[in-house]
Amino acid sequence: MNKPTQLTPTPAQTVGPFFGYALPYAKDRELLAPGSPGSIRLQGTVYDGAGHPIPDAILEIWQADADGSVPQHTGSLVRDGYTFTGFGRTAVGNAGTFTFTTVNPGPTEAGAAPFIAVAVFARGLMNRLFTRVYLPDDEAALARDRLLSSLDPDRRRTLIARRDPDGGLSWDIRLQGDGETVFLDFSGVEGPST
């Protein structure tokens, strides 16, 4: 039997738009119950390269709690309304908008800039995109942050949220074009050794 000397790769698939069938779950966007002490709203819009809202993306966030501790609780997929697990997922609405109910994350070490890690799934993407959203309040900590200080000031602004009058955060994601959000590449990063 002759074996082929070169195999034809399977065609690539994009990561969407099929999210509505498997990924959303009850209270997925509520890292804690709305109205809970210390709760805030993180909201924004996901835009494509032409500046149009994307109606069928999914966002995931991971973050420290208000004290800067990384939660170790299980139960992210079964919300009890009380346990803060630090993980949330939401589909954007028809106008590309998203909302999470969460807390202001604390710094994970003294003097560090608090941030929320974000993954973006959207049609046309071959892989999810990773980024961060930083709280705008501590300018000294933002200036010391290794990631932010490595960026041109215009690019740095794409990672810093705006504080709303009600204490919430607004932050938009632009996948391409003018004001494109800074995305992170973890492809060469190795995990912990065992």
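Residues numbered from 1 in each chain as written. Predicted model: local features only at pLDDT ≥ 70, side-chain atom pairs only at ≥ 80, totals over all residues. Heavy atoms only, no water.

**Q** Could you give an account of the environment of Asp56, naming the residues involved and the relevant values?
**A** Tracing the backbone shows Asp56 in the loop between β1 (39-47) and β2 (58-63). Spatially, the C-alpha atoms of Asp56 and Arg123 are 7.2 Å apart, while their sequence positions differ by 67 residues. A polar side-chain atom of Asp56 sits 3.1 Å from a polar atom in the side chain of Arg123. (Helix = DSSP H or I, 4+ residues; strand = E, 2+ residues; numbered from the N terminus. Polar contact = N/O pair within 3.5 Å; in protein donor to acceptor, adjacent residues only side chain to side chain.)

**Q** Go over the sheet that holds β2, please, and point to the residues and values.
**A** Judged by pairing direction, the sheet is antiparallel, and its four strands sit side by side in the order β3-β2-β5-β6 without closing on themselves. Where the open sheet ends on each side, the last strands, each with one partner, are β3 (87-91) and β6 (129-134). Each strand axis lies, on average, 25 degrees off the axis of its neighbour in the sheet, ignoring direction. With six bridges connecting them, strand β5 (residues 115-121) and β6 associate as antiparallel partners. For Val120, the partnering residue across the bridge sits in β6 and is Leu129. (Pairing = 2+ DSSP bridges. Axes fitted to C-alpha atoms, helices over the stretch in contact; angles between N-to-C directions.)

Honestly, it's all geometry; don't read function into it.
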